[in-house]
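Chain by chain, the residues run as shown.
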Amino acid sequence: MFAARSASSILGRRAFSTTARLDSKVAVLGAAGGIGQPLSLLLKLNPRVTDLALYDIKGGPGVAADVSHINTKSKVKGYAPDAAGIKECLTGAEIVVIPAGVPRKPGMTRDDLFNTNASIVRDLAKACADHCPKANILIIANPVNSTVPITAEVFKSKGVYDPKRLFGVTTLDVVRASRFISELKNTDPAQEAILVVGGHSGATIVPVLSQAGHNLEGSERDAYVNRVQFGGDEVVKAKDGAGSATLSMAMAGARFTESLLKAAQGEKGVIEPSFVDSPLYKDQGVEYFASNVELGPNGVEKIHPVGKVTEYEQGLLDVCLKDLKGNISKGVKFVKENP
Ligand SMILES: NC(=O)c1ccc[n+]([C@@H]2O[C@H](COP(=O)([O-])OP(=O)(O)OC[C@H]3O[C@@H](n4cnc5c(N)ncnc54)[C@H](O)[C@@H]3O)[C@@H](O)[C@H]2O)c1
Ligand SMILES: O=C(O)C[C@H](O)C(=O)O
């Protein structure tokens, strides 16, 4: 079990169980990409995953052959981009993780990816609705604030939408928020649980530091919030044209998948932040919102409210809600106009 122990230490506070009680097929769409490859590796190391199905428009079978040599029990299969390939890949999947899509280059916003990624996600969502309508769908492809509504609209149009099973993966924002505060406070980042709410881009990412008992003031607070909101840009800039966060995102995606599997296998009290179809701000016209979500055997079990915020955090939330509304309606409109 060397591999499993290594993975648990990679994932910090979330240690893997060594006993899987159910068959759990996980499919990765975009498996040969910068995120897809390390994510597939981490999923191969997770004993809760019994079948790993790896699909990409290019290179899925190669990644699968490579990962399949790792001496953990799960079966691995790679799929080529044809109708039979995606059908077989998705059939029986309990979880589908979607990092397929183009990443940012310096100077771009996530919204600049919309024109390319909207149709990629729409088409993959159609395949999921056709071949695994009851699977939990985890959207990593950006802009998440729009690609989640796109997926929902596709599922609605096919009459199989279950709001409890669609998740925008915002875990990386929480991972960053805990890491960045630990750098300021000299604490163990694995023990820091900073709530991050809203969405997944710039001003829609709202860290609620006050609830974690940390008090930052003035320019230090502003710099912290800015770093959490624009952590993705830090990586895009450092990679200098070679893409965006891949390794930290793979860790975050593997952590979210592990949490869903734990909850599906009966563990109680599993909570992860996620961008979901949420009642919290529907009265303000915001249909999807990220907050802490308790996971269960049927996906979303309970959506936690944001809770008490400071006046400063409320100001961040107000800006977030305005931006989110536009991002969401852009995704909805796209599917209506390009079904
Ligand atoms: N949610 C987050 O926190 C988060 C974090 C990092 C990156 N991302 C996003 O994830 C996406 C992927 O990033 P990356 O660095 O892995 O990019 P990448 O270009 O390295 O990989 C993308 C992969 O998707 C594949 N692909 C493209 N179209 C496809 C299709 N129709 N079907 C199947 N596969 C397809 C490509 O062949 C490629 O292998 C980007 O949109 C990026 O912005 C999101
Ligand atoms: O910044 C990006 O474009 C990728 C991702 O959304 C991130 O937060 O790292």
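Keep in mind the model is a prediction, meaning the values are calculated, not measured.

## Observations concerning the packing of aromatic side chains
Here is step 1: Inspection of every chain in the model, using the stated rule, returns four aromatic pairs.
Here is step 2: Their ring planes at 90° and their centres at 5.6 Å tell us that Phe-114 and Phe-334 sit as a pair that is edge-to-face. Of this pair, Phe-114 sits in helix H5 (residues 114–131) while Phe-334 sits in helix H11 (residues 311–337); the two residues are 220 residues apart in sequence, bridging distant segments of the chain.
Here is step 3: In this structure Phe-334 comes out as buried when scored by relative accessible area, which is 14%.
Here is step 4: Between Phe-275 and Tyr-288, the ring centres sit 6.2 Å apart and the planes meet at 35°, which makes this aromatic pair tilted. Here Tyr-288 lies in strand S10 (residues 288–296) and Phe-275 lies in strand S9 (residues 270–277), a separation of 13 residues in the sequence. Each member of the pair Phe-275 and Tyr-288 is classed as buried.
Here is step 5: Geometry around Phe-180 places Arg-227 over its ring, the cationic atom sitting 3.7 Å from the centre.

## Some points on the UniProt feature "domain: Lactate/malate dehydrogenase C-terminal" (unreviewed entry) in the protein chain
Here is step 1: Mapped onto this structure's residue numbering, the UniProt feature "domain: Lactate/malate dehydrogenase C-terminal" (unreviewed entry) falls at residues 170–335.
Here is step 2: Helix makes up 48% of residues 170–335 and strand 18%, and the two end C-alpha atoms of the span are 23 Å apart.

## Considering the site of ligand 1
Here is step 1: Contacts to ligand 1 come from 27 residues, most closely from Gly-34, Asp-56, Pro-99, Val-102 and Asn-142.
Here is step 2: Within the contact set of ligand 1, an oxygen atom lies 3.2 Å away from a backbone nitrogen or oxygen of Gly-33.
Here is step 3: Contact distances for ligand 1 include 3.3 Å between a nitrogen atom and a backbone N or O atom of Val-169.
Here is step 4: Taken atom by atom, the bulk of ligand 1 overlaps the largest pocket.

## Here we look at the pairing of strand S8 (residues 205–208)
Here is step 1: Burial along S8 is two-sided: the residues Ile-205 and Pro-207 and Val-206 and Val-208 are all buried.
Here is step 2: Across four bridges, the pairing between strand S7 (residues 195–198) and S8 is antiparallel. Directly across from Gly-198, in S8, lies its bridge partner Ile-205.
Here is step 3: Between S7 and S8, which follow one another and run antiparallel, lie six residues, and Gly-202 among them has a positive phi close to 35°.

## Focus on the nonpolar core
Where a protein is soluble and globular, its nonpolar side chains tend to be buried together.
Here is step 1: Counting 64 residues, the largest nonpolar core has Leu-29, Val-96 and Tyr-224 as its most contacted members.
Here is step 2: When residues in this core are grouped by element, the largest group, nine residues, is from H11.
Here is step 3: By size, the runner-up hydrophobic cluster in this structure holds 38 residues, among which are Val-63, Ala-254, Leu-261 and Ile-303.

## Here we look at the pattern of salt bridges
Here is step 1: Under the defined criterion, the tally for this structure stands at 19 salt bridges.
Here is step 2: Put simply, Glu-153 and Lys-336 hold a salt bridge, and the shortest N to O gap is 3.2 Å. Taken as a pair, Glu-153 in helix H6 (residues 144–157) and Lys-336 in helix H11 lie far apart in primary sequence, 183 residues in all.
Here is step 3: The exposure class assigned to Glu-153 is buried, which follows from its relative accessible area of 10%.
Here is step 4: Relative accessible area serves as the criterion here: at 59%, Lys-336 is assigned to the exposed category.
Here is step 5: In this structure, Glu-183 engages Arg-227 in a salt bridge whose closest nitrogen and oxygen atoms are separated by 2.8 Å. Residue Glu-183 is found in helix H7 (residues 171–185), and its partner Arg-227 is found in helix H8 (residues 218–229); the two are separated by 44 residues along the sequence.
Here is step 6: Members of the salt-bridge network, linked through shared partners, are Arg-179, Glu-183, Arg-227 and Glu-234.

## Quick notes on the layout of surface pockets
Here is step 1: Taken as a whole, the largest pocket encloses approximately 720 Å³ of empty space.
Here is step 2: As for the largest pocket, its lining consists of 39 residues, and the residues nearest its centre are Pro-99, Ala-100, Gly-101, Val-102 and Pro-103.
Here is step 3: Broken down by secondary-structure element, the contributors of at least two residues to the lining of the largest pocket are H5, H7 and helix H9 (231–239).
Here is step 4: The leading source of residues in the lining of the largest pocket is H5, at five residues.
Here is step 5: By residue class, the composition of the lining of the largest pocket is 22 nonpolar, 12 polar and five charged.

Parameters and conventions
- Residues numbered from 1 in each chain as written.
- Chains lettered and ligands numbered in written order.
- Predicted model: local features only at pLDDT ≥ 70, side-chain atom pairs only at ≥ 80, totals over all residues.
- Heavy atoms only, no water.
- Phe/Tyr/Trp six-rings, centres within 6.5 Å; stacked < 30°, edge-to-face > 60°.
- Helix = DSSP H or I, 4+ residues; strand = E, 2+ residues; numbered from the N terminus.
- Buried < 20%, exposed > 50% of the residue type's maximum accessible area, 1.4 Å probe, protein only.
- Lys NZ or Arg CZ within 6 Å of the ring centre and 35° of its normal.
- UniProt positions renumbered as here; feature names shortened; annotations may be inferred.
- Near = heavy atom within 4 Å.
- Polar contact = N/O pair within 3.5 Å; in protein donor to acceptor, adjacent residues only side chain to side chain.
- 1 Å grid on protein atoms, 1.4 Å probe; cavity = no way out; pocket = protein on both sides within 12 Å on 5 of 7 lines; lining within 4 Å.
- Sits in = over half its atoms within 2 Å of the grid points.
- Pairing = 2+ DSSP bridges.
- Core = buried A, V, L, I, M, F, W, Y, C linked by side-chain atoms within 4.5 Å.
- Salt bridge = Lys/Arg side-chain N within 4 Å of Asp/Glu carboxyl O.
- Points joined across faces, edges and corners; volume = space filled by probe spheres on them.
- Nonpolar A, V, L, I, M, F, W, Y, C, P; charged D, E, K, R; others polar.

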